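Coordinate inspection notes
This is what each chain is made of:
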Amino acid sequence: MATTEKSILNRLYFVAGCMFIFALAVTIKLVDIQLFKGEKYRKLAITSTEKMVTIPATRGNLYAGDGSLLATSVIKYDIRWDAVSPTEEHFGETIIGLSEGLSELLGKPKAYYEARLRKARATKNRYLFIARDLSYGDFIKIKSLPLFNKGQFRGGIIVEQHTEREHPLDKMAERTVGYERKDDSGYFTRVGLEGAYGHYLRGKEGRRLKQKIAKGEWKPLGVGNIVEPRDGYDVISTIDVNIQDIAHNALLTSLEKFKADHGCVVVMETKTGEIKAISNLGRTSEGKYYERLNYAVGESHEPGSTFKLMAMVAALEDKAIDTSMVIDTEKGRVKFYDRTVYDSKWGGYGKVSAARAFELSSNTAFAKMINEPYKKDPKRFVKRLFNMGLNEKLGLEIKGEGEPTFPYPGDKNWYGTTLPWMAFGYGIELTPLQTLTFYNAIANDGEMIKPRFIKEVKEWDVTVEKFEKEVINPRIASQSTINAVKKMMENTVRRGTAKNIYSKEFSMAGKTGTCQTEYWIEPNRYIASFAGYFPADNPKYSCIVVIHKPEKSLGYYGNIVAAPVFKRIAQKIYSDTPVIDEVLIPDANSPLIEKDYQNYYTQENKTHKTIPNVKGMSGMDAVALLENLGLKVRFRGSGKVKNQSIDAGTALKKGVTISLELS
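The structure contained in this document is the topic of the report that follows. (Residues numbered from 1 in each chain as written. Predicted model: local features only at pLDDT ≥ 70, side-chain atom pairs only at ≥ 80, totals over all residues. Heavy atoms only, no water.)

**A look at the sheet that holds strand E13 (residues 275-283)**
Taken in spatial order, the 6 strands make up an open sheet running E14-E13-E12-E25-E24-E23, and their pairing is antiparallel. Sheet topology places strand E14 (289-290) and strand E23 (509-516) at the edges, where each strand pairs with a single neighbour. Pairing of strand E12 (residues 262-269) with strand E25 (residues 541-548), which is carried by 8 bridges, proceeds in the antiparallel orientation. The partner of Met268 across the bridge, within E25, is Ser542. In the packing of helix H17 (residues 432-443) onto the sheet, contacts are made with E12, E13, E23, strand E24 (526-534) and E25, and the angle to E12 comes to roughly 30 degrees. Helix-sheet contacts for helix H18 (residues 479-495) involve E23 and E24, and the interaxial angle to E23 is about 75 degrees. (Pairing = 2+ DSSP bridges. Helix = DSSP H or I, 4+ residues; strand = E, 2+ residues; numbered from the N terminus. Contact = heavy atoms within 4.5 Å. Axes fitted to C-alpha atoms, helices over the stretch in contact; angles between N-to-C directions.)

Structure representation (structure tokens):
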């Protein structure tokens with residue numbers, strides 16, 4: 001018996017000891033959690049039931065200069081369906097009507113939607129895809145369909161919304177408008193105006209604390225736990241939608257006609273540097289054209305003969321030549337070391353002045369004209385180009401500006417033939433916009449202005465920041481040089497390589513360009529270009545057209561491929577915005593006018609029985625007076641009445657003809 005009691009006691013002691021050890025372990029764990037790991041578990045508890053949700057800011061609008069929308073944010077809706085939520089009764093009553101409504105809105109047969117909905121119900125699919133990227137109007141229509149109109153919990157409709165950026169102009173200026181995208185790591189990809197001015201447009205995200213409730217739903221927690229988002233500012237660009245449309249279609253017409261690979265057009269306002277239009281079109285494998293890359297800003301290439309303007313300005317400024325200097329084009333073939341410079345005209349142009357060489361775009365003349373005075377000191381020529389800022393980027397806000405490239409004497413890529421080839425635009429690289437900026441400076445009497453894409457930033461109707469013109473170089477050359485090359489560019493259109501686009505109705509000035517490209521890959525690949533401004537006598541716009549790799553059999557010279565695009569743009573802008581001449585109205589209180597009026601008034605108010613004396617009166621007043629007296633009046637000349645055929649004092653007879661001689 002004693003043994004049995006002892007055994008029982010031992011068991012009790014063992015159980016009690018285990019319970020004590022367990023209680024001690026629990027106590028130690030509680031102390032550890034409370035004192036050492038409490039914060040960790042409290043945070044874990046909170047994060048499982050609460051979370052801070054980001055509230056996206058509404059991105060600002062991007063406008064054209066006239067207020068037209070270039071880019072705006074639009075809410076889109078995705079629709080899914082929880083097949084478990086509706087009751088069997090509701091599902092059975094509405095399945096036919098829902099299928100018919102979806103068919104009518106989304107386009108597929110009613111049977112297709114009915115089969116999908118029944119299958120989802122059978123498999124208890126709680127996230128069936130219905131539609132994506134719906135507009136607000138279509139979202140409201142779907143939401144009102146049978147079953148869906150009962151809401152999420154009774155009808156099973158799941159609505160997810162997101163914001164998309166839309167371009168009302170569609171593909172026109174798409175690359176210039178651009179985009180800004182943020183990846184999962186937070187890195188922004190920035191393109192065009194959207195990317196360049198994204199810091200204004202994107203606004204600032206807000207935050208809101210939410211708490212998890214039944215059925216996995218989250219509700220806002222407390223008013224004090226909200227940081228409201230700040231919507232983005234609106235950006236007003238310099239783009240003119242009308243000019244953009246003109247430029248886009250003129251470029252597209254030429255690209256399609258000559259089956260070119262790609263091309264670009266830029267139109268700039270001369271005085272301000274505002275970019276009014278910029279179009280960049282590349283060809284797909286199917287032969288269609290779209291805004292593939294921003295060639296105008298990012299593509300550096302050999303400019304060819306459009307660079308002859310820069311070479312001419314440099315030589316005139318250094319007084320290395322003058323416009324009347326005569327150069328022998330030597331039958332259009334001139335050899336420098338082991339290479340030969342060719343003119344496009346077989347047999348050359350004979351002996352021509354420097355100015356005429358520019359108008360005719362003679363390569364041989366320019367090669368000799370630059371090589372002879374600079375060959376002993378080529379740095380002098382290159383430094384002059386650099387002093388005009390041609391080797392510097394424009395510093396555009398739009399990302400991806402191409403790098404200007406110039407060889408420099410002493411570099412490993414400088415040869416004996418480098419200088420003469422530079423004279424007509426080979427061996428160097430500039431972007432179309434960099435070339436245009438120089439041409440615009442000539443049109444602007446030497447003031448080089450940075451191209452500008454935006455006018456101002458606004459919050460509603462309040463201006464946040466305004467952008468004014470930025471001068472890169474107040475004077476790139478002397479006024480005498482500017483005047484000289486202006487005349488040459490005007491004559492290029494009147495009687496030079498671009499005479500095919502000359503018009504009596506409106507004046508233009510510019511320079512054609514044709515150069516071979518990728519000749520190390522395949523011969524007969526060319527870049528055709530034209531740069532200039534209009535009107536020639538009072539430039540308002542400058543413009544450049546560059547077209548890459550037109551089909552040679554259809555045409556490849558700058559005057560054939562690119563210059564007509566320039567003319568179409570200029571002509572359309574002229575017709576849409578005709579020049580208005582102001583007529584100064586003489587002062588109504590002028591003593592001379594007052595005297596003429598008094599003479600007329602005195603004669604008019606007399607009771608005439610005889611022919612009045614109208615000598616000294618203005619012809620207009622004399623005619624009015626005499627005709628009011630019943631006389632027929634003939635007159636010759638203009639001004640005041642010098643003589644009258646019937647003497648004053650002669651008896652008045654109505655219907656008699658009187659002749660007046662005006663001074």
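**Describing helix H14 (residues 363-374)**
The terminal C-alpha atoms of H14, which comprises 12 residues, lie 16 Å apart, in line with the 16 Å expected from a rise of 1.5 Å per residue. In terms of burial, H14 is largely enclosed, as 10 of its 12 residues are buried. For H14, the full list of buried residues reads Asn363, Thr364, Ala365, Phe366, Ala367, Lys368, Met369, Ile370, Asn371 and Tyr374. (Expected span 1.5 Å × (residues − 1). Buried < 20%, exposed > 50% of the residue type's maximum accessible area, 1.4 Å probe, protein only.)

**Re the pairing of strand E11 (residues 234-237)**
Side chains Asp234 and Ile236 of E11 all project onto a buried face; the interleaved residues Val235 and Ser237 project onto the opposite face, where all are buried too. Bridge analysis of E11 against strand E20 (residues 454-459) gives 4 bridges, and the strand direction is antiparallel. Looking at the pairing, Ser237 lines up with Ile454 of E20.

**Regarding the side chain of Arg80**
With respect to the helices and strands, the residue Arg80 is situated in strand E3 (residues 69-81). Look at Arg80: it is buried, it has no salt bridge, and the nearest opposite charge is Glu160 at 4.0 Å. Here Tyr127 takes part through its side chain, which lies 3.5 Å from a polar atom of the side chain of Arg80. In this structure, Arg80 is in contact with Tyr127, Leu128, Phe129, Ile130, Arg132, Gly156, Ile157, Ile158 and Glu160, ignoring residues within four places of it in sequence. (Lys, Arg positive; Asp, Glu negative; His and termini not counted. Salt bridge = Lys/Arg side-chain N within 4 Å of Asp/Glu carboxyl O. Polar contact = N/O pair within 3.5 Å; in protein donor to acceptor, adjacent residues only side chain to side chain.)

**Considering a nonpolar patch on the surface**
There is a patch of nonpolar side chains on the surface, built from Ile8, Leu9, Leu12 and Tyr13 and spanning about 430 Å² of accessible area. Among the secondary structure elements, Leu9 is positioned in helix H1 (residues 2-36). (Patch = residues over 30% accessible without salt bridge, like charges linked within 9 Å, V, L, I, M, F, W, Y side chains within 5 Å. Areas by Shrake-Rupley, 256 points an atom, 1.4 Å probe, with all protein chains shown as cover.)

**Observations concerning the sheet that holds strand E26 (residues 632-636)**
Spatially, E26-E28-E27 is the arrangement adopted by the 3 strands of the open sheet, whose pairing is mixed. Each of the sheet's edge strands pairs with one partner strand only, and the pair in question is E26 and strand E27 (641-644). Across the sheet, the mean angle from the axis of one strand to that of its neighbour is 30 degrees, orientation sign disregarded. Bridge analysis of E26 against strand E28 (residues 657-662) gives 5 bridges, and the strand direction is parallel. Along E28, the bridge assignment pairs Phe635 with Leu660.

**Some points on the packing of aromatic side chains**
Within the structure shown, the criterion is met by 21 aromatic pairs. Between the aromatic rings of Phe386 and Tyr408, the centroid separation amounts to 6.0 Å while the plane-to-plane angle is 20 degrees, which identifies the pairing as stacked. Taken together, the positions of Phe386 in helix H15 (residues 378-387) and Tyr408 in the loop between H15 and helix H16 (418-422) put the pair 22 residues apart, joining distant regions of the chain. Given a relative accessible area of 24%, Phe386 falls into the partly exposed group. Taken together through their ring pairs, the aromatic side chains of Phe506, Phe530, Phe534, Tyr541, Phe566 and Tyr574 make up a single cluster. Seen from the ring of Phe91, Arg121 lies directly overhead, with NZ or CZ sitting 5.1 Å from the centre. (Phe/Tyr/Trp six-rings, centres within 6.5 Å; stacked < 30°, edge-to-face > 60°. Lys NZ or Arg CZ within 6 Å of the ring centre and 35° of its normal.)

**Concerning the environment of Leu394**
Structurally, the position occupied by Leu394 is in the loop between H15 and H16. Judged by its relative accessible area of 11%, Leu394 falls in the buried class. Taking the C-alpha atoms as reference, Leu394 lies 7.8 Å from Pro451; in sequence the two are 57 residues apart. In contact with Leu394, other than residues within four places in its own chain, are Glu401, Leu433, Gln434, Thr437, Lys450, Pro451 and Ile472.

**A closer look at the nonpolar core**
Membership of the largest hydrophobic core comes to 95 residues, with the highest contact counts inside it found for Leu309, Met312, Phe381, Leu385, Leu433, Phe438 and Phe453. The dominant element in this core, judged by the number of residues it contributes, is helix H12 (residues 308-317), at 8 residues. Leave out the neighbours within four places in its chain, and Leu385 touches Phe307, Met310, Ala314, Leu390, Phe406 and Met422. Core analysis: the next-biggest nonpolar cluster, separate from the first, contains 34 residues, Phe258, Phe534, Ala563 and Phe566 among them. (Core = buried A, V, L, I, M, F, W, Y, C linked by side-chain atoms within 4.5 Å.)

**Some thoughts on the environment of Glu114**
Residue position: Glu114 is located in helix H4 (residues 110-123). Distance from Glu114 to Ile96, taken between C-alpha atoms, is 7.0 Å for residues 18 residues apart in sequence.

**Points about the pairing of E25**
Of all 8 residues that make up E25, 8 are buried, and the element is covered over most of its length. The alternating pattern of E25 places Tyr541, Cys543, Val545 and Ile547 on one face and Ser542, Ile544, Val546 and His548 on the opposite face, and all of these are buried. Pairing between E24 and E25: 8 bridges, direction antiparallel. In the sheet register, Phe534 faces E25, and the bridge partner there is Tyr541. What sits between E24 and E25 in their antiparallel hairpin is a turn of 6 residues.

**Looking at H15**
For H15, every residue scored as buried is listed here: Pro378, Phe381, Val382 and Leu385. The buried residues of H15 all sit within an arc of 90 degrees when viewed along its axis, so they share a single face. Buried residues belonging to H15 abut H12, H14 and H16. (Arc of directions from axis to C-beta.)

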